[in-house]
Amino acid sequence: LSEEEMTEAKKIFDYALEMNTSGQGNNIGSYGTQSNKTWDELCTYLHNQVCKGSDWDEVPESMKPWIELRNAISVGRSDWKYDEPQLLYHYTKDPNILRRELERVQCIE
């Protein structure tokens, strides 16, 4: 990673934490009330959170900095970047995304 990329990633990471622990992202999917959790507990909470997010307009503002962080790092981006449905599902766990993709694949076959 370049020094510039690391600096930008750190800035985005700090903002994502602030949005998710201070209550600033106080909307559906906000974790502002979770600041009393340990890092392990917060990680478990974040990974088990399900919220509406079948398209970008529905993704909670508090989730968007985490997606931005993922895009800030160039290493592996061209080979390993999720496509849009994968990315939306990864951050929201919205089962409607899986249903929509399953329907899309069945139509192709």
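Structure: above.
Quick notes on the rules
- Residues numbered from 1 in each chain as written.
- Predicted model: local features only at pLDDT ≥ 70, side-chain atom pairs only at ≥ 80, totals over all residues.
- Heavy atoms only, no water.
- Axes fitted to C-alpha atoms, helices over the stretch in contact; angles between N-to-C directions.
- Helix = DSSP H or I, 4+ residues; strand = E, 2+ residues; numbered from the N terminus.
- Parallel < 35°, antiparallel > 145°, perpendicular 65-115°, else oblique.
- Left-handed = near helix turned anticlockwise from the far one by under 90°.
- Contact = heavy atoms within 4.5 Å.
- Nonpolar A, V, L, I, M, F, W, Y, C, P; charged D, E, K, R; others polar.
- Phe/Tyr/Trp six-rings, centres within 6.5 Å; stacked < 30°, edge-to-face > 60°.
- Buried < 20%, exposed > 50% of the residue type's maximum accessible area, 1.4 Å probe, protein only.

Caption draft 1: Local environment of the packing of helix α1 (residues 3-21) against helix α3 (residues 64-72). Between α1 and α3, whose axes approach to 9 Å, the crossing angle comes to 170 degrees. Put simply, α1 runs roughly antiparallel to α3. The two elements α1 and α3 meet at a crossing, and its hand is left-handed. For the pair formed by α1 and α3, the contact residues are Glu5, Ala9, Ile12, Phe13, Tyr15, Ala16, Leu17, Met19 and Asn20 on the first element and Pro65, Trp66, Glu68, Leu69 and Ala72 on the second. The residue inventory of the contact of α1 with α3, partitioned by class, reads 11 nonpolar, one polar and two charged.

Caption draft 2: Region of the structure containing the packing of aromatic side chains. All chains considered together, the criterion is met by one aromatic pair. Aromatic side chains Phe13 and Trp66 sit 5.8 Å apart centroid to centroid with 75 degrees between the ring planes, which places their arrangement in the edge-to-face category. One end of the pair, Phe13, is in helix α1; the other, Trp66, is in helix α3, with 53 residues separating them in the sequence. Judged by its relative accessible area of 32%, Phe13 falls in the partly exposed class.

This is a description of form; function is not addressed.
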